[in-house]
Amino acid sequence: MISTTWKCPADAWKWLTSIIRARGDMIRDENGKLCREVRDVGVTVLNPLAGWPIKGSGWDIPALEEYAKQLLKPDDDGFDYTYGRRLRQYPISWWKMGMGERDIEQDQLKAVISRLQHSPNTRRAVAITWIPEVDNVNENVPCLQLLDFLLRDGKLSLTAFFRSWDCGRAAPANMYGLGKMLSYVAGGIWVRVGSLTIMAASCQEYEA
């Protein structure tokens, strides 16, 4: 596991791209695209809301804000999936309601806020995006898999896990959006924003 801590997102992104270029293996992914990959990477950003936009990332504030909004709204916007839809309207087809089996949906972020309100020291404030019966057979599947919120010493921190993380193009937007999500949940329980940690099984930078 390669891991490190930085004060701001810009330094974290620069480290990610440099480590991929220096130590990454060249592979061709399932879509036939050539990329350089480093496995099992973790990066912690102490101030995830500071220093935006990142110079040279290709992302300006309006584009970052649009991405962050998509993470928080439940619409699919015509796509196979969006993170917002998976997090705010996660399908639970197996739930038993005392009247047999029925389909319901859960707003996972609302559930996370509720759990933190009732049990501030909880280690169960978790949200997921993977739907096995859908994603095990589909080609277009979520890269972001899991969110884990932890409240300690009056600050709320977030750890996110990616199965696959496009660090060259998507990482700045991912960090911005997750920082905004962390702020949203922290605001729901009236605490300060803490650190953002992102772990990935595979970090890549695609060839131009």
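Look up: the structure comes first, before these words.
Quick summary incoming for the structure in this document. Everything quoted here is computed from the prediction, not taken from an experiment.

What follows covers the packing of aromatic side chains. Applying the stated criterion to the full structure yields four aromatic pairs. Judged by centre distance (6.3 Å) and plane angle (70°), the ring pair of Trp59 and Tyr67 falls under edge-to-face. Accessibility expressed as a relative area gives 25% for Trp59, which makes it partly exposed. Judged by relative accessible area, which is 17%, Tyr67 ranks as buried. Plain terms: the ring middles of Tyr81 and Tyr83 are 5.8 Å apart, the flat faces sit at 55° to each other, and that makes the pair tilted. For Tyr83, a relative accessible area of 10% corresponds to the buried category.

Turning to helix H4 (residues 108–118), its buried residues are Gln108, Leu109, Val112, Ile113 and Leu116. Each buried residue of H4 sits inside an arc of 145° when the element is viewed along its axis, so together they form one side. With respect to the buried face of H4, the exposed residues turned more than 90 degrees away are Lys110 and His118. Where H4 starts, the residue carrying a side-chain oxygen 3.2 Å from the main-chain nitrogen of Leu109 turns out to be Asp107.

The next thing to look at is the state of the cysteines. Under the definition given, this model contains zero disulfides. Cys203 provides the cysteine sulfur closest to Cys167, a residue in no disulfide bond, and the two sulfurs are 3.9 Å apart. Given the relative accessible area of 0%, Cys167 is considered buried.

Turning our attention to the pattern of salt bridges. Under the criterion given, the structure shown has seven salt bridges. The salt bridge involving Asp135 is made with Arg86; its shortest N-O contact spans 2.8 Å. Remark: Arg86 occurs in helix H3 (residues 83–88) and Asp135 occurs in helix H5 (residues 132–135); sequence separation between them is 49 residues. According to the relative accessible area criterion, Asp135 is buried, its value standing at 3%.

On to a nonpolar patch on the surface. A surface patch of nonpolar side chains, about 460 Å² in accessible area, is lined by Met1, Val126, Ile128, Leu146, Phe161 and Met199. The exposure class of Phe161 is partly exposed, given its relative accessible area of 31%.

To continue, consider the nonpolar core. Note that soluble globular proteins tend to have their nonpolar side chains buried in a common cluster. If you look at the biggest cluster of nonpolar residues, it comprises 51 residues, and the most contacted ones within it are Leu147, Phe149 and Trp165. Per-element tally for this core: the top contributor is helix H6 (residues 171–188), with nine residues. The residues touching Trp165, leaving out its near neighbours within four places in the chain, are Leu16, Val43, Ala171, Asn174, Met175, Ile198, Ala200, Ser202, Cys203 and Gln204.

We now examine helix H2 (residues 61–72). Taking 1.5 Å per residue, twelve residues should reach 16 Å; H2 reaches 17 Å between its end C-alpha atoms and fits that length. Taken together, the buried positions of H2 are Leu64, Tyr67, Ala68 and Leu71. Each buried residue of H2 lies within a common arc of 100° when the element is viewed along its axis, so the set occupies one face. Relative to its buried face, H2 has exposed residues pointing more than 90 degrees away, namely Pro62 and Lys69. If you follow the buried residues of H2, they end up packed against H3 and H6. For H2, the N-terminal cap is Asp60; the gap from its side-chain oxygen to the backbone nitrogen of Ala63 is 3.0 Å.

With ten bridges joining them, strand E3 (residues 34–45) and strand E10 (residues 192–206) adopt antiparallel strand pairing. What sits directly across from Val45, in E10, is Leu196. Pairing of strand E8 (residues 155–162) with E10, which is carried by seven bridges, proceeds in the parallel orientation. Following the sheet pairing, Phe161 is matched in E10 by Met199.

The rules behind each value
- Residue indices follow the written sequence of each chain, beginning from 1 at its first position.
- With pLDDT at 70 or above as the cut-off, local features in this predicted model cover only qualifying residues; side-chain atom pairs require 80 or more to be listed or tallied, and sums for whole chains, interfaces and linings still use all residues.
- Where side-chain values are given, they derive from all heavy atoms of the structure, hydrogens and water being excluded.
- Two rings from Phe, Tyr or Trp (for Trp, the six-membered ring) form a pair when their centres are within 6.5 Å of each other. A pair whose planes differ by under 30 degrees is stacked, one over 60 is edge-to-face, and the rest are tilted.
- Relative accessible area decides the class of each residue, using a 1.4 Å probe on protein chains only: under 20% of the type maximum gives buried, over 50% gives exposed, and in between gives partly exposed.
- Numbering of helices and strands runs from the N terminus, with a helix taken as a DSSP run of H or I at least four residues long and a strand as a DSSP run of E at least two residues long.
- As used here, the arc is the angular range of directions from the helix axis to the C-beta atoms.
- Side-chain atoms alone can form a polar contact between residues adjacent in sequence; in general such a contact is a pair of N or O atoms within 3.5 Å, and within protein one must be able to donate a hydrogen while the other accepts it.
- Only a pair of cysteine sulfur atoms within 2.5 Å qualifies as a disulfide here.
- Think of a salt bridge as a Lys or Arg side-chain nitrogen and an Asp or Glu carboxyl oxygen that are within 4 Å of each other.
- Patch building starts from residues that exceed 30% relative accessible area and form no salt bridge, then joins like charges within 9 Å and nonpolar side chains (Val, Leu, Ile, Met, Phe, Trp, Tyr) within 5 Å.
- The method behind every accessible area is Shrake-Rupley, applied with a 1.4 Å probe, and residues are considered shielded solely by the protein chains displayed.
- We define a nonpolar core as any set of buried Ala, Val, Leu, Ile, Met, Phe, Trp, Tyr and Cys residues linked to one another through side-chain atoms lying within 4.5 Å.
- Working rule for contacts: check all heavy atoms of both residues, and any pair within 4.5 Å makes them a contact.
- A helix is expected to reach a length of 1.5 Å times the quantity of its residues less one.
- At least two bridges found by DSSP between two strands are what make those strands a pair.

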